[in-house]
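Chain residues, written in single-letter form:
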There are 2 protein chains.
Amino acid sequence: MNKQRKIGLFDSGLGGLTVLHALEEKLPGVDKVYYGDTLHLPYGDKSDEAIRSFSREIVGFLAAQGCDVIVIACNSASAAAGSMLEESFPDLTFINVIDPVVAALAGSVPRKTALLGTRATVRSGAYAKRLAAFKVPHELVALPTPLLVPLIEDGFLGSGIEESVLEHYLNDPSLNGIEAIVPGCTHYPLLREAAAKLRPGVDWIDAPAIVAEAVDSVLDAAVDGSGSTTYYLSDATPSFLALASSTFSIKAHWEKKVL
Amino acid sequence: MNKQRKIGLFDSGLGGLTVLHALEEKLPGVDKVYYGDTLHLPYGDKSDEAIRSFSREIVGFLAAQGCDVIVIACNSASAAAGSMLEESFPDLTFINVIDPVVAALAGSVPRKTALLGTRATVRSGAYAKRLAAFKVPHELVALPTPLLVPLIEDGFLGSGIEESVLEHYLNDPSLNGIEAIVPGCTHYPLLREAAAKLRPGVDWIDAPAIVAEAVDSVLDAAVDGSGSTTYYLSDATPSFLALASSTFSIKAHWEKKVL
């Protein structure tokens, strides 16, 4: 009894595409639906109630498209809406972007690790609380790095300016002696090259690959789809579509869908 | 019959403080009330309807504090809510941050001028439309510079990074040969020094001083207040208060007031 499965992903905007890319690499044959809630971006600025309300609407839409595995491809939504979604949609399987990464940290050699995130993610303490449950002596230092998302969204990758800004953050005294960096926002994996150049000895945690691994583990062994991906956005400005094409390498058609 | 007047200013956050500083210099004896709608910041991301609704609530509050001259110290609110507010509050005098600057441009020698603004302000075309009404051959080139507000709000002023980012924007081919720059966002006057260093021959329009001049012109000749300023915020995070104190030099007490 081999059921065909379909993966739905959502984010407030384009950041979740880093997770989609990892899924396409890991699970090329599975059908996927991506929803970018660009009408309400950024989630990092919104209240938990608002994020829960947006997330519930989106998951209802993805379920109606036939998705039975949902990837919450946004740190703010993972922290604010994860458990509510699991309760509201008991028939769906959820993977968020925080738990698999925390589990990977807990299972690795304890070392001083930097968590870079938006102000909202750092304030939520979501990573630290979940890591604490594992009772391992892993030192996690969270630093809010709020300029990184607008920097990426304004197309500054490759300008060299992203390195100056990242350097400024990594020079924060609280990060002295770090051995690893967790990109605690789905945009940040795009800064991997800059980080490798600035801190060649520091391990950059490949969060999208860890999340894709977690998705793979909940799927049936034999998944048999066409490997198609459908893209939906709740709002689309020309600058946004240009960014999707350039920075996130999405040349496909986006359908506008307000929920 | 010399009526005492009181000035109310509002912005989505701290940017309007550049206008407040200019008013304090120009009109030190007048009482002022500042309202920063930090719960809803940034206005640049919101719909016109939402901005109108926020603005109406705030102006009602400022009027209840005795303010009879209202400075809309935010470009997004000036563009989206200016005429609605004038109709809704016929007893109040309104000064927005766009009209006085456009009038100053129209009255000066025609020259190629750059307007730097948020995406929303540039998209609104508010400056170009109002300038067109003057029928002067002034060439205004609008460029969206969305990284500048987060850059200022994340405390990067003085790091040198603000110069790299501004240089990146000023190198846009559309700005070749500009002779003046209009800071089309109330945060941007804080970049005056960086701009002077990068483009010493280009005139930086002192928008807050022009707005303060316009406010002065609507006041009675003899205004007789204590020159006090009261500050209200609709939301306050520690990082925000630190920014108000450091970047915007406001050491005073802020009162939290949700409308």
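For the structure given in this document, a descriptive report is provided here. These numbers were taken from a predicted model, which means no experiment stands behind them. (Residues numbered from 1 in each chain as written. Chains lettered and ligands numbered in written order. Predicted model: local features only at pLDDT ≥ 70, side-chain atom pairs only at ≥ 80, totals over all residues. Heavy atoms only, no water.)

Topic: the relation of the copies chain B and chain A
Then comes step 1: Of the two same-sequence chains, chain B is brought onto chain A (RMSD 0.0 Å, axial shift 0.1 Å) by a rotation of 180°. Such values leave the two copies arranged in the relation of a two-fold axis.
Then comes step 2: The residues that chain B uses at the interface reappear at the interface of chain A in 100% of cases, marking a shared surface. (Least-squares fit on C-alpha atoms with pLDDT ≥ 70 in both. Contact = heavy atoms within 4.5 Å.)

Looking at the sheet that holds strand β10 (residues 254–256) of chain A
All names here are of chain A.
Then comes step 1: Overall, parallel pairing links the 6 strands, which are arranged β4-β3-β1-β2-β9-β10 in an open sheet. Whereas interior strands pair on both sides, the edge strands pair on one side only; in this sheet they are β4 (93–96) and β10. Sheet twist, expressed as the average angle between the axes of neighbouring strands with direction ignored, equals 20°.
Then comes step 2: Here strand β9 (residues 229–233) runs beside β10; their pairing, made up of 3 bridges, is parallel. Along β10, the bridge assignment pairs Tyr231 with Trp254. (Pairing = 2+ DSSP bridges. Helix = DSSP H or I, 4+ residues; strand = E, 2+ residues; numbered from the N terminus. Axes fitted to C-alpha atoms, helices over the stretch in contact; angles between N-to-C directions.)

Here we look at the environment of Leu39 of chain A
Residues and elements named next belong to chain A.
Then comes step 1: Inspection of the secondary structure puts Leu39 in the loop between β2 (31–36) and α2 (48–64).
Then comes step 2: For Leu39, a relative accessible area of 39% corresponds to the partly exposed category.
Then comes step 3: Residues contacting Leu39, with those up to four places away along its chain left out, are Ser234, Asp235 and Val258. (Buried < 20%, exposed > 50% of the residue type's maximum accessible area, 1.4 Å probe, protein only.)

Examining the nonpolar core
Then comes step 1: With 109 residues, the main nonpolar core has Ile7 and Val71 of chain A together with Ile7 and Val71 of chain B as its most contacted residues.
Then comes step 2: Beyond its immediate stretch of four places on either side in the chain, Val71 of chain A contacts Ile7, Gly8, Leu9, Phe10, Val19, Leu23, Ile95, Val211 and Val215 of chain A. (Core = buried A, V, L, I, M, F, W, Y, C linked by side-chain atoms within 4.5 Å.)

What about the layout of surface pockets?
Residues and elements named next belong to chain A.
Then comes step 1: Its volume calculated, the second largest pocket comes out at about 350 Å³.
Then comes step 2: Taken together, 17 residues line the second largest pocket, and the ones lying closest to its centre are Thr18, His21, Pro189, Asp206 and Pro208.
Then comes step 3: For the lining of the second largest pocket, the elements supplying multiple residues, two or more each, are α1 (17–26) and α10 (207–218).
Then comes step 4: With 5 residues, α1 is the single largest residue contributor to the lining of the second largest pocket.
Then comes step 5: For the lining of the second largest pocket, the per-class residue count stands at 9 nonpolar, 4 polar and 4 charged.
Then comes step 6: A domain-level breakdown of the lining of the second largest pocket finds at least three residues from each of domain 1 (6–96 + 209–256) and domain 2 (99–207). (1 Å grid on protein atoms, 1.4 Å probe; cavity = no way out; pocket = protein on both sides within 12 Å on 5 of 7 lines; lining within 4 Å. Points joined across faces, edges and corners; volume = space filled by probe spheres on them. Nonpolar A, V, L, I, M, F, W, Y, C, P; charged D, E, K, R; others polar. Domains from an automatic or database assignment.)

Things to note about the packing of aromatic side chains
Then comes step 1: All chains considered together, the criterion is met by 10 aromatic pairs over all chains.
Then comes step 2: Aromatic side chains Phe156 of chain A and Tyr169 of chain B sit 5.6 Å apart centroid to centroid with 90° between the ring planes, which places their arrangement in the edge-to-face category. Of the two residues, Phe156 of chain A sits in the loop between α7 (148–153) and α8 (161–170) while Tyr169 of chain B sits in helix α8 (residues 161–170), which places them in two different chains. The pair Phe156 of chain A / Tyr169 of chain B is uniform in exposure class, with both members buried. (Phe/Tyr/Trp six-rings, centres within 6.5 Å; stacked < 30°, edge-to-face > 60°.)

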